[in-house]
Amino acid sequence: MKALAVLNGSTLHKFHRGMPEAIDRALHEQHPKSEVAISRSLEHMLQLIGRGVERGFELILVGGGDGTLYHTVNLPGIERVVVAPLPLGTVNAFLRAARVSVDDPMEALRQLLAGDVAECSPAKVNDRRIACFASIGYDARVVHRNSPKLKRMIGGASYGLTGLGELAISPLAARSGRIRFDTDRRVFRAASVVISKIPVYAGSRCFATTAVDPYLQAVWTRHDNPASLLAMAGSLALKLPEKDHVLPGVGRIGAFSRARWRSEKPAWVQLDGEAITLDDSRVIDIRIDPVKQRFLMPKRS
């Protein structure tokens, strides 16, 4: 395939200086018609990827994190090409879920180039595509409040510290709304809901769905109080079984294809780890996107 690798220039300093050249050599071994480009910003990166789609590249490797992947899968025409994320981000949940190395980008590249193309089923949150997960309410508030500087310093642990800080500052600060799933006719009043397309969330394999599966799973808090929010965080961290009400105030919903959130106030929203502002976050529709996205995945053992 004609391949293009676009690397996030702002994160390359974490790795050895010769990485772009090493990626270029590895790509040329399998795909002689390949190019490597380094971006100066997120906007520049998306421009490079968009031009790659227009120029007819069949495989686009995206060197960044889950947020970069989120912006990539929302580019016009991206469904026409095969996408392969490379771990140049903080958490790299999509690659963790696919059991690809997230510590060594070159090893990840080798695993992906030896893999297969998989047709995956992204989800849609209103008009935005997601490859990994979404959250509404308190969990998303933490993403919005998390300091980029703290995230660069201590990585994923920054979310835990920010979450505890938000509870200490304002224990009942989460925006509450009503969430309804297509697998259950009940309508739940929730302070926070995490909806996942992949098994990995918050660094743990705590769901049973995969990027290929045409359904989602969720964990949500019933009550707007600190205890249930901490219980939800604990249920995710401890990887408790996927069943309803595993802890007081916490419920799980498995294998649904649509959910709807309604609230009187605008809700906090995060998509694939990105703090997002929707045009109207009082009504949020989550569903499986009928348009498939092709990803390069390692071979299943």
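Below, the structure is looked at part by part.

Rules used throughout
Residues numbered from 1 in each chain as written. Predicted model: local features only at pLDDT ≥ 70, side-chain atom pairs only at ≥ 80, totals over all residues. Heavy atoms only, no water. Pairing = 2+ DSSP bridges. Helix = DSSP H or I, 4+ residues; strand = E, 2+ residues; numbered from the N terminus. Axes fitted to C-alpha atoms, helices over the stretch in contact; angles between N-to-C directions. Contact = heavy atoms within 4.5 Å. Parallel < 35°, antiparallel > 145°, perpendicular 65-115°, else oblique. Left-handed = near helix turned anticlockwise from the far one by under 90°. Nonpolar A, V, L, I, M, F, W, Y, C, P; charged D, E, K, R; others polar. Phe/Tyr/Trp six-rings, centres within 6.5 Å; stacked < 30°, edge-to-face > 60°. Buried < 20%, exposed > 50% of the residue type's maximum accessible area, 1.4 Å probe, protein only. Core = buried A, V, L, I, M, F, W, Y, C linked by side-chain atoms within 4.5 Å.

**Some remarks on the sheet that holds strand S17 (residues 269–271)**
Each strand in a sheet pairs with another by means of backbone hydrogen bonds, the pair being arranged parallel or else antiparallel. Pairing is antiparallel in the open sheet, where six strands are placed in the order S15-S14-S11-S8-S17-S18. Across the chains shown, the open sheet's two edge strands, defined by having one partner strand only, are strand S15 (250–256) and strand S18 (274–276). With strand direction ignored, the average angle separating the axes of adjacent strands in the sheet is 15°. Note that strand S8 (residues 133–137) and strand S11 (residues 192–196) share five bridges and pair antiparallel. Bridged to Ile136 within S11 is Val193. Relative to the sheet, helix H9 (residues 226–237) contacts S11, strand S14 (216–221) and S15, its axis offset from that of S14 by approximately 145°.

**Side note on the packing of helix H1 (residues 19–30) against helix H5 (residues 105–113)**
Where H1 contacts H5, the axes come no closer than 11 Å and their chain directions differ by 15°. By the angle class used here, H1 and H5 are roughly parallel. In terms of crossing hand, the pair formed by H1 and H5 is right-handed. Contacts between H1 and H5 involve Met19, Ala22, Ile23, Ala26, Leu27 and Gln30 from the first element and Pro105, Met106, Leu109 and Leu113 from the second. Residues belonging to the contact of H1 with H5 are distributed by class as follows: nine nonpolar, one polar and no charged.

**Section: the packing of aromatic side chains**
Enumeration over the complete set of coordinates arrives at five aromatic pairs. Seen in terms of ring centroids, Phe181 and Phe188 are 6.4 Å apart; in terms of plane orientation they differ by 50°. Their pairing is tilted. The pair formed by Phe181 and Phe188 is uniform in burial state, with each residue classed as buried. With a centroid separation of 4.9 Å and 65° between ring planes, the pair formed by Phe181 and Phe256 is classed as edge-to-face.

**Structural notes on the nonpolar core**
Within the largest apolar cluster, 64 residues are counted, with the highest numbers of intra-cluster contacts made by Ile23, Leu61, Phe94 and Phe295. Not counting residues within four places of it along the chain, the set of residues in contact with Phe295 comprises Leu69, Val73, Val82, Val83, Pro85, Phe94, Asp116, Val117, Ala118, Cys120 and Ala131. Listed in part, the 27 residues of the second largest apolar core include Ile130, Ile195, Leu216 and Leu271.

Remember, this is a structural readout, not a statement about activity or role.
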